Amino acid sequence: MASRRQPEGLKIRSVTPTYTVNDLQETIGWYCDGLGFVVSERWEEGGTLQGVMLKAGNCTFGLSQDDFSKGRDRAKGVGFRIYADTGQSVDALADRIRAYGGKIIVEPTDTPWGARSFTVEDPDGFKISFGRSPSSRGR
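1. Focus on unusual backbone geometry
Both trends apply: most residues other than glycine have a negative phi, and most peptide bonds are in trans.
Here is step 1: With phi around 65°, F68 is a residue other than glycine that occupies positive phi space.
Here is step 2: Within the fold, F68 resides in the loop between strand 4 (59-65) and strand 5 (81-85).

As structure tokens, then:
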């Protein structure tokens, strides 16, 4: 039996990425209508929508309106990508995002390790790769 390190290592139950976006309403549409997320929470300040929490399956994802204090034209999404594993058809999901007018930057393809995946880019340049691994088939 392995001995426990002291102090004990970090234990996380969930992680919720949050993106700061240029046009909150447009981006909510892209994630909800284009990908299929649903809005689970909304927060407003002074009657103006400032952000939302989105939900897909057991996962949550946050969007907040950029206040542009760091510049209106700053690059977003550089050097960052989320990988989402799904038991759903990757090709059907890609078709849905295409029909919405979303930007697919890597078309659905089979990987050498047996997964099928593709990558999209949201309106602000953030990237999400969706994949269906061999272990998620049949779920």
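Next comes the rest of the description.
2. With respect to the sheet that holds strand 8 (residues 127-132)
Here is step 1: Read from one edge to the other, the open sheet built from four strands follows the order 5-8-7-6, with strand pairing classed as mixed. Edge positions in the open sheet fall to strand 5 and strand 6 (103-110), since each of these has one partner strand only. Sheet twist, expressed as the average angle between the axes of neighbouring strands with direction ignored, equals 15°.
Here is step 2: Relative to strand 8, strand 7 (residues 116-121) runs antiparallel, the two being bridged by six bridges. Along strand 8, the bridge assignment pairs T119 with S129.

3. Details of helix 1 (residues 24-35)
Here is step 1: The first and last C-alpha atoms of helix 1 sit 16 Å apart over twelve residues, in line with the 16 Å expected at 1.5 Å per residue.
Here is step 2: Within helix 1, nine of the twelve residues are buried, which leaves the element mostly enclosed by the surrounding structure.
Here is step 3: Sitting at the head of helix 1, D23 places a side-chain oxygen 3.3 Å from the backbone nitrogen of Q25.

Cut-offs applied
- Residues numbered from 1 in each chain as written.
- Predicted model: local features only at pLDDT ≥ 70, side-chain atom pairs only at ≥ 80, totals over all residues.
- Heavy atoms only, no water.
- Helix = DSSP H or I, 4+ residues; strand = E, 2+ residues; numbered from the N terminus.
- Pairing = 2+ DSSP bridges.
- Axes fitted to C-alpha atoms, helices over the stretch in contact; angles between N-to-C directions.
- Expected span 1.5 Å × (residues − 1).
- Buried < 20%, exposed > 50% of the residue type's maximum accessible area, 1.4 Å probe, protein only.
- Polar contact = N/O pair within 3.5 Å; in protein donor to acceptor, adjacent residues only side chain to side chain.

By themselves, these figures tell us nothing about what the structure is for.
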